[in-house]
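Coordinates in review
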Amino acid sequence: MTISTIQQQLLAAVDEAGPDVAQIRAALTRASEQLDKMFLDNAPIRELVNGRAALVDALLQNLWKGHFDEPLDIALVAVGGYGRGELHPASDIDLLILLGNTDDEEIAMLLSSFITLLWDIGLHVGQSVRTLQECREEALKDITVATNLMEARFLCGNSKLVDQMLEQTGPQNMWPSDLFFKAKWQEQQQRHLKYDDTAHSLEPNVKEGPGGLRDMQMIGWVAKRHFCVPSLRGLVKHHFLTPNEYQTLKKEEAHLWRVRFSLHMTTGRAEDRLLFDYQRTLATLFGYEDDDVELGVEKFMQRYYLAVTELQRLNEMLLQYFQETILLKNKLQPPCIINNRFQTRNGFLEVRDKQLFSHRPIIMLELFLLMTQDSSIKGVRASTIRQIREHLHLIDARLRTNHKAQQLFLEILKQPQGVFHALRRMNRYGVLAAYIPDFANIVGRMQYDLFHVYTVDTHTLFVIRNLRRFTVAEYHDEFPLCSDVIARIPRQDLLMLAALFHDIAKGRGGDHSQLGEAVAYQFCRQHGLEEKDSRLVAWLVRTHLLMSMTAQRKDIEDPLVIQEFARKIETPERLDYLYLLTVADMRATNPKRWNSWKGSLLGQLHRSTHLALTTNIDTRTRQSRQIALNKQQALQQLQQRYDESRVTAHWASMSDNYFLQNSVDGIVWQTSLLFDHAGQTEPQLHIITNDSHGGSEILIIDRDRDNLFAITTGLLDQLGLNIMHARIETAGNGISINSFVVLEEDGSAVAGEDRKEEIKQRLLQRLQATTPLTVSSSDFRSRESRHFDVETRISFSQDESGQRTILRIMAADRPGLLAKIGLAFCKSDIRLCSAKVATIGADVDNSFFITDINNQPLSDKKQQRLLQKRVLQQIQPQE
């Protein structure tokens, strides 16, 4: 089957159908299905995209003749993507109906009937009806209109009208090429910002995202406006593209066309977002399969990311050329000499000798070092970018072992500014992957989950950006502890190396931390770092997940936990390095998942561990001293209002953990509330914002009863609050003190008195209700999370003190999960001491510190299996 055959069959069916709209619609559907089949049979994508436009051309011309059987002062014009002769399966068919006479009622009626017919037969038409004067006026006001009209292509009617319109809206009469280029360049920059200025997000937009099809279209528009060339091929004749670059551009553009075509075909609509909903389907369609190391969908997405990366490189180079030619009109300032090898023109760095890289490829690394040392350098001249691209193959094993090259690379990491921007540019130009071959494996590599929202290379560079931000004085208030710590570490360049290598072994199978440790150590030793420094970098790579996992999954208020963590860290210096890397890594993994609570956990763990490493006191003694100190300081405040004997009698009913897990202010506050409301039968409820832990604390004091945890967590979930931490303390007098640290859905603390009052009233109403607790059995999950199969895993272990059992539950995140777990606890006579909640992408990883009804750990395996069974019955979806 060929496009020509499909077109002939379509026109024959239309002629046979006559006025029967249903038959025409059916014929059009058959033609579309035939094109889809050609796609599945691997027909050339350009043949399909251009062929669909030609098919629509023939159909419109046929239908036009049936409506307008005599010459009229009117023209049917294809504009936009359709004007370029490009139509994907669900692309809008952009039409301009150009009028010569504005007052012809007969034409207006015919046009209305014509447009109605187009919609009736199933064409998605975007039409505008304008006179020549209106085209001129609208194009003058709006560059988007001017761009649309620039791609106008005559279909039917009076062709002279189209010629006049193109003349009146051309660069001689409006939007000269310099103003046009400035506006389109600014438009691209603003569009990129909407996508975090990265093409490597998990659900990229094939059309609008950085490196997407719109970037290539923008180059084509500028070329057409300034050089009057009909396509990008014309840039080769004008020496803006080499033949090889043009072939690369068309190859990667064709790949994006195939992705977009398959998206439209799969979804049945003009969907340009590569959502999780479709990624697996498209991966299968493109022939990618899972293997022992990598998922097929990850291979498919890496091929996509490599394509947009290449297009970004070409886009940047061409924009530089356009800037010189169109804006500067090739009137470059005299060169500013930097050294024998480099100079700048108009602020852009260039080589002084075009043969420099071929004779001395090591100088490619010097270019990036110069950019970190001179903030006045705006960028790299396009001609030099091209020379880098053409000489990348010279960054080989011999160069990597060259002492001068190694020193240049390490010197980049030692600079006080510009490190992130230099490394990002090195990655974009392909230099980073050429110099560190292991890095090539992570370029464009995605991880098919909701936890990592960027590709591994982009994430790695964002970690470095976050670390560099800690050193900038104006950002000190963002992360004060990080800024203070980074100022005292002896070697920031070692921290940059650890960040660069911490995920270097992703996608290789096995434990990426251990594999990466070996790669990092070898690199450091080859580059002449001392054994001690090399070991530090390697250790950071191996343990880069340790601190985040400890802070989020363990009870870091337990001195025994701190002791064990400190044993693994060994020195305060290592602690500082690991703390900085951990904060930067967590923030760069998924910025939307970062919140002040996580920051407070890491800060608390750092302070507690630093104290443990710098004082020669055993854990038990330190624990006893901390309890005594907290009691002493709290008592000093409470004695001003209450009798000491009353206070000490109340405290005698509280566990030692209570005085370890609460601050002095917290102990004073809670004790005062209990005394001030003594004898009150109704629940007490208070909400405060606590800067020390970066969230809002909801304190509930009530009689100890079944389902209190389940009731509270269920309602907090309904109120749109995310529970970060829960702590339950039951006093000897039957009073339960429940503390919940919560954040709003956007990661902020609860703000505003109205919001706090809403939460208080809803909680009090539910706590005082006599109706039994019901928890929805709905398994509602977000659109993204439904595409990830999360196996529920339950494990038991003993905490460091041996007094509590740690129940760890990893499951798919869903509403009401904590409430369901609370019901299982109630049915199993389990006491909950505290809970730590961590959401990782589509998963939750929750740790519950529990005992049996007699405050003893669950040492009986049979008891553990029974609890596991009841938890699974509660949280797993009901069939």
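Everything that follows concerns the structure shown earlier in this document.
These figures come from a predicted structure and were not determined experimentally. (Residues numbered from 1 in each chain as written. Predicted model: local features only at pLDDT ≥ 70, side-chain atom pairs only at ≥ 80, totals over all residues. Heavy atoms only, no water.)

**Let's talk about the overall build of the chain**
To be explicit about the condition: Counting from the N terminus, the helices are DSSP H or I runs at least four residues long and the strands are E runs at least two residues long. Exposed residues in this analysis have more than 50% of their type's maximum accessible area, buried residues have under 20%, and partly exposed residues fall in between, with area computed by a 1.4 Å probe over protein chains only. We call two residues contacting when some pair of their heavy atoms lies within 4.5 Å. Per-residue and other accessible areas follow the Shrake-Rupley method at a 1.4 Å probe size, with only the shown protein chains counted as cover for residues. For this count, His and the chain ends are skipped, Lys and Arg are scored as positive, and Asp and Glu as negative. Where a charge sits is defined by one atom per residue type, namely NZ (Lys), CZ (Arg), CG (Asp) or CD (Glu).
When helices and strands are tallied, the chain shows 39 helices and 17 strands. In terms of overall dimensions, the chain has a C-alpha envelope of 105 × 75 × 50 Å along the principal axes. Scored against the burial criterion, the 879 residues of the chain give a buried share of 55%. In the chain, the proportion of contacts linking residues at least 24 apart, taken out of those at least 6 apart, comes to 70%. Roughly 38,500 Å² of accessible area belongs to the chain as shown, and the carbon and sulfur atoms make up 47% of that amount. Side chains of the chain carry 102 positive and 111 negative charges; the gap between the two charge centres is 5 Å.

**Focus: the sheet that holds strand 3 (residues 125–131)**
What counts is decided by this rule: Strands were regarded as paired on the criterion that DSSP finds at least two bridges between them. Between N-to-C directions, angles cover 0 to 180 degrees, with each direction set by a line fitted to C-alpha atoms, over the stretch in contact for helices.
The strand order across the open sheet built from four strands is 3-2-1-4, with neighbouring strands paired in mixed fashion. Each edge of the open sheet carries a strand with a single partner, namely strand 3 and strand 4 (153–157). Across the sheet, the mean angle from the axis of one strand to that of its neighbour is 25°, orientation sign disregarded. Inspection of the sheet shows strand 1 (residues 74–78) paired to strand 2 (residues 93–99) by five bridges, in the antiparallel sense. Pairing of V77 across the sheet is with L96, part of strand 2.

**Looking at the pattern of salt bridges**
In plain terms, the rule: Here a salt bridge means any side-chain nitrogen of Lys or Arg lying within 4 Å of a carboxyl oxygen belonging to Asp or Glu.
For the coordinates displayed, the defined rule picks out 47 salt bridges. Taking the shortest distance from any N to any O, the salt bridge between E316 and R425 comes out at 3.2 Å. Residue E316 is found in helix 14 (residues 296–327), and its partner R425 is found in helix 20 (residues 419–429); the two are separated by 109 residues along the sequence. Classification of R425 by relative accessible area gives buried; the value is 14%. Here R727 ties to E557 by a salt bridge, and the two come within 3.0 Å at their closest N and O atoms. Placement of the pair is R727 in strand 11 (residues 721–730) and E557 in the loop between helix 28 (546–553) and helix 29 (559–569), with a sequence separation of 170 residues. A single burial state applies to R727 and to E557, both of which are buried.

**Observations regarding the packing of helix 36 (residues 708–718) against helix 37 (residues 753–768)**
What counts here: Note on convention: near helix rotated counterclockwise from far helix by under a right angle means a left-handed crossing. Clockwise means right-handed. Residues are grouped as follows: nonpolar covers Ala, Val, Leu, Ile, Met, Phe, Trp, Tyr, Cys and Pro; charged covers Asp, Glu, Lys and Arg; every other residue, Gly included, is treated as polar.
Relative orientation of the contacting elements helix 36 and helix 37 amounts to 145°, with a least axis distance of 10 Å. Here helix 36 and helix 37 pass one another in a crossing that is right-handed. Residues L708, I711, T712, L715, L716 and Q718 of helix 36 touch helix 37, and the partners they reach there are I759, R762, L763, R766 and L767. Its residues assigned to classes, the contact of helix 36 with helix 37 comprises seven nonpolar, two polar and two charged.

**What to know about the sheet that holds strand 5 (residues 336–337)**
To summarise the sheet geometry, strands pair through backbone hydrogen bonds and adopt either a parallel or an antiparallel arrangement. The strand order 5-6-7-8 describes an open sheet built from four strands, whose pairing is mixed. The sheet is open, and its two edges are formed by strand 5 and strand 8 (379–380), each paired on a single side. Here two bridges tie strand 5 to strand 6 (residues 342–345), and the two strands are oriented antiparallel to one another. Bridge assignment links I337 to a residue of strand 6, and that residue is Q343. Across the sheet, helix 16 (residues 363–373) is in contact with strand 6, strand 7 (348–351) and strand 8; its angle to strand 6 comes to roughly 50°.

**Let's talk about the environment of I385**
When you line up the elements, I385 lands in helix 17 (residues 382–390). You can call I385 buried: its relative accessible area is 1%. Distance in space between the C-alpha atoms of I385 and T713 is 57 Å, their sequence separation being 328 residues. Residue contacts for I385: discarding those within four places in its chain leaves E316, M317, Q320, V380 and Y429.

**Here we look at helix 35 (residues 664–676)**
Each full turn of the α-helix corresponds to 3.6 residues, which orients residues three or four apart in the same direction. Heads up, the condition is: Here, expected helix span is obtained from the residue count minus one, scaled by 1.5 Å.
Helix length check: helix 35, at 13 residues, gives a terminal C-alpha distance of 18 Å against a target of 18 Å (1.5 Å per residue), a fit within 8%. For helix 35, the set of buried residues is V664, G666, I667, V668, Q670, T671, S672, L673, L674 and F675. For helix 35, the secondary structure elements touched by its buried residues are helix 32 (619–638), helix 33 (644–651), helix 34 (656–661), strand 9 (684–690), strand 10 (695–703) and strand 12 (735–744).

**Remarks on the pairing of strand 15 (residues 830–836)**
In regular strands, side chains alternate between the two faces of the sheet. Counting buried positions along strand 15 gives six out of seven residues, so the element sits mostly inside the fold. Of the strand pairs in this sheet, strand 11 and strand 15 are connected by three bridges, and their pairing is antiparallel. Paired with H725 across the bridge in strand 15 is K836. Relative to strand 17 (residues 843–852), strand 15 runs antiparallel, the two being bridged by six bridges. By the bridge assignment for strand 17, K836 is matched with S847.

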